[in-house]
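# Residue-level structure breakdown
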Protein chains: 6
Amino acid sequence: MMKTAVYRKSHFNAAHRLHNPAWDSEKNQKIFGKCNNPNFHGHNYDLIVKVIGEIDPETGYVMDMKVLKDIVDEYVIERFDHKNLNLEVPEFANLNPTAENIAFVIWNILRSKINAALELTIILYETERNYVEFPA
Amino acid sequence: MMKTAVYRKSHFNAAHRLHNPAWDSEKNQKIFGKCNNPNFHGHNYDLIVKVIGEIDPETGYVMDMKVLKDIVDEYVIERFDHKNLNLEVPEFANLNPTAENIAFVIWNILRSKINAALELTIILYETERNYVEFPA
Amino acid sequence: MMKTAVYRKSHFNAAHRLHNPAWDSEKNQKIFGKCNNPNFHGHNYDLIVKVIGEIDPETGYVMDMKVLKDIVDEYVIERFDHKNLNLEVPEFANLNPTAENIAFVIWNILRSKINAALELTIILYETERNYVEFPA
Amino acid sequence: MMKTAVYRKSHFNAAHRLHNPAWDSEKNQKIFGKCNNPNFHGHNYDLIVKVIGEIDPETGYVMDMKVLKDIVDEYVIERFDHKNLNLEVPEFANLNPTAENIAFVIWNILRSKINAALELTIILYETERNYVEFPA
Amino acid sequence: MMKTAVYRKSHFNAAHRLHNPAWDSEKNQKIFGKCNNPNFHGHNYDLIVKVIGEIDPETGYVMDMKVLKDIVDEYVIERFDHKNLNLEVPEFANLNPTAENIAFVIWNILRSKINAALELTIILYETERNYVEFPA
Amino acid sequence: MMKTAVYRKSHFNAAHRLHNPAWDSEKNQKIFGKCNNPNFHGHNYDLIVKVIGEIDPETGYVMDMKVLKDIVDEYVIERFDHKNLNLEVPEFANLNPTAENIAFVIWNILRSKINAALELTIILYETERNYVEFPA
């Protein structure tokens, strides 16, 4: 039986900086440019959670989007929205909060909260022009 | 030879309600919430039809988008636009018009109208924040 | 002192039909076309509430957008979202729910809930291609 | 002679927090909520600069958009992009960086750089759902 | 009685170049840059027609949007879409097709086709980042 | 190890016409319609470059988006923007510039400029409603 994907879009606003503590300031500045600003900058992140599975014949749903929204709100939005990712989200204490790594962290958070029979993909827009997808 | 996908976006506005006649009112209300409103609600649906194939060297097209548009208009938009999906589109007489099921129905309608050598996928936006893809 | 406008965007999904009970079916069909469908159709309405006033020097706000959001949610979204405008929103019992009239009704609802020193304008998108503004 | 408006859209990403130093923590938290986070959060700001004047018959322009872009880039984007507005943009040393105040500051910066015969308006999106306009 | 604005969005794709025949090539190149390319370039223009008037109590319309659409299609889209504005639209035989002048030309075309009791404004997007409004 | 995709969106404005020199005018007109206009028409093309690979643990990047942007700007945007694709971009001297073929040409240009260990996909919007992806 062919499967169906459902997508749910959410938002959060956060501050971050890109920095590798193993490098000196010069190299951090060279690689990360203005994204290395020690005073932080920020983004309106658009988060799309994609879930793939079979349509339940009783509900017509792959997964109830209200349930998916509640999971995303509780485990991601509540913890990331209006936060400083570097200072306030423990997963980034030792991990550079690039869009790639944020998507990876969100995937790990949500993977354990969603039925393992359903495939999960995270799409994260850092800006309208830069976005990432995990896994690809 | 690597293949190319072409995408064509269309729109239709329709009313619907979500309801499983095998359940009592209480369970319908519990599962579908305000989407179960017996007086219907509605959406501006965005429909994206994706067709995959090889580029025809004579035209430079995978498929003529005007032809694709005409097929989508005749077999989907004419039948779905400004309609009540539950009451006026026979495919939903016994099928709950969730976004998943609408995408599945549209795929079935179009599959027989488009050259079988071309792969077909339906992407359907119920709102800007909720959308589905079949097959995934 | 020059004034500042603040805009807050909300959404609701609703069913409606256009109909003038003073006309016969033929004239209703002629004027309103497929929007006259007796089984209803629907839209994802985007509602933008614009409030104009002076910036409060203590807060830096014209009006707290969270307060504005709560007012819009309580008095408009709760009453219009996932509803049949013709059957379930009393303001349209004797008023045709065109985009123009919906904007006018929303303006009347909100005008009494927002400080009279602030100017109020309603912008309502029925589709991405058709929208209205009251007052203009 | 009737006038024409030209609009130019730009972007910047910045961190900020909302805070009134004349208030204690409790009141700041009550009024500004999670926007008061001392570790900052951030946004992708969309900035639209509107200039009104007569069309120059030689160029067909109200104002050369490339010149306008260069002015906005030099005096606003270079100073605001990837910055912490509270800590790094002197205009906000004693001014709360609400969207209203940011628009007002940008208007003041640009007013002296653009021909006084042209009217100037600033439209600033803090998020897709919250935006402001000065003057209104 | 306060008035209401209705907006109708349309699209056309066209080629153009910016050029002032009273100037030599060097000055045209200096002022118009790559927009002066003698081989033309092109845009997807988004055209928004705004009409202001009182709501007709019989229809609930300021103006029937289907009628407005038909007028815009017949007098603007049919004449501009998939055309070379410089070579094929007579209004630009001696007028530089900047966004400002295109908006002005469209306003002149439509002004005589729409009830004089209704105010008319043209908003024209040349790109997502550059747009104009006439009259302002 | 699961891979991550990064996407970078760019823009260019260009003129083109669709034409097969092996056909007579009548057949070109029949197949390509108004896109066959000998005076050209044009589009605002949105170009999304997708690169798939593993996240570099030192940078947190699949590929530095600034580097990707510079490659796209140098080899595609500089050569395509504000150009007549048929007359000024040599790849289309003998290749019809349909969206499919433009995407294929861009893929070939970029494939040799990007690390071969990274997968590359091109998504090209000719209009908001018509877009293509290569390879699919």
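The coordinates are above.
So, a few notes on the structure that sits alongside this text. Quantities reported herein were computed from a predicted structural model and do not represent experimental measurements. (Residues numbered from 1 in each chain as written. Chains lettered and ligands numbered in written order. Predicted model: local features only at pLDDT ≥ 70, side-chain atom pairs only at ≥ 80, totals over all residues. Heavy atoms only, no water.)

### So, the pairing of strand β1 (residues 4-16) of chain D
By the criterion of burial, β1(D) is predominantly enclosed, with 12 of the 13 residues buried. In this sheet, strand β2 (residues 41-53) of chain D lies alongside β1(D) in antiparallel orientation, the contact comprising 13 bridges. Paired with D:V6 across the strands is D:V51, a residue of β2(D). The sheet contact formed by β1(D) and strand β5 (residues 130-134) of chain E spans four bridges and is antiparallel. Bridging across to β5(E), D:Y7 finds its partner in E:Y131. In the sheet, β1(D) pairs with strand β3 (residues 83-84) of chain D via two bridges, with the strands oriented parallel. Residue pairing in the sheet places D:A15 in a bridge with D:N84 of β3(D). (Buried < 20%, exposed > 50% of the residue type's maximum accessible area, 1.4 Å probe, protein only. Helix = DSSP H or I, 4+ residues; strand = E, 2+ residues; numbered from the N terminus. Pairing = 2+ DSSP bridges.)

### Here we look at the interface of chain A and chain B
Listed by partner, the interface residues are 22 residues for chain A and 19 residues for chain B. When the two sides are added together, the surface that chain A and chain B hide from each other amounts to roughly 1900 Å², 53% of it contributed by carbon and sulfur. Along the contact surface separating chain A from chain B lie two salt bridges. A salt bridge links B:E133 to A:K50, with the nearest nitrogen and oxygen atoms 3.9 Å apart. (Contact = heavy atoms within 4.5 Å. Buried area = accessible area lost by both parts, 1.4 Å probe. Salt bridge = Lys/Arg side-chain N within 4 Å of Asp/Glu carboxyl O.)

### Topic: unusual backbone geometry
All names here are of chain A. For the peptide bond that leads from F134 to P135, omega is -10°, which places it in the cis range. Mapped onto the secondary structure, P135 falls in the segment after β5 (130-134). Of note in the backbone geometry, H82 takes a positive phi value of approximately 60° without being a glycine. Inspection of the secondary structure assignment puts H82 in the loop between α2 (65-80) and β3 (83-84). Given the relative accessible area of 8%, H82 is considered buried.

### Some points on the relation of the copies chain A and chain B
Of the transformation placing chain A onto chain B, the axial shift is 0.0 Å and the rotation is 120°, giving an RMSD of 0.0 Å. Within this description, the copies of the chain are treated as partners about a three-fold rotation axis. Of the C-alpha atoms belonging to chain A, the one lying closest to the rotation axis is found on A:A136, 7.8 Å away. (Least-squares fit on C-alpha atoms with pLDDT ≥ 70 in both.)

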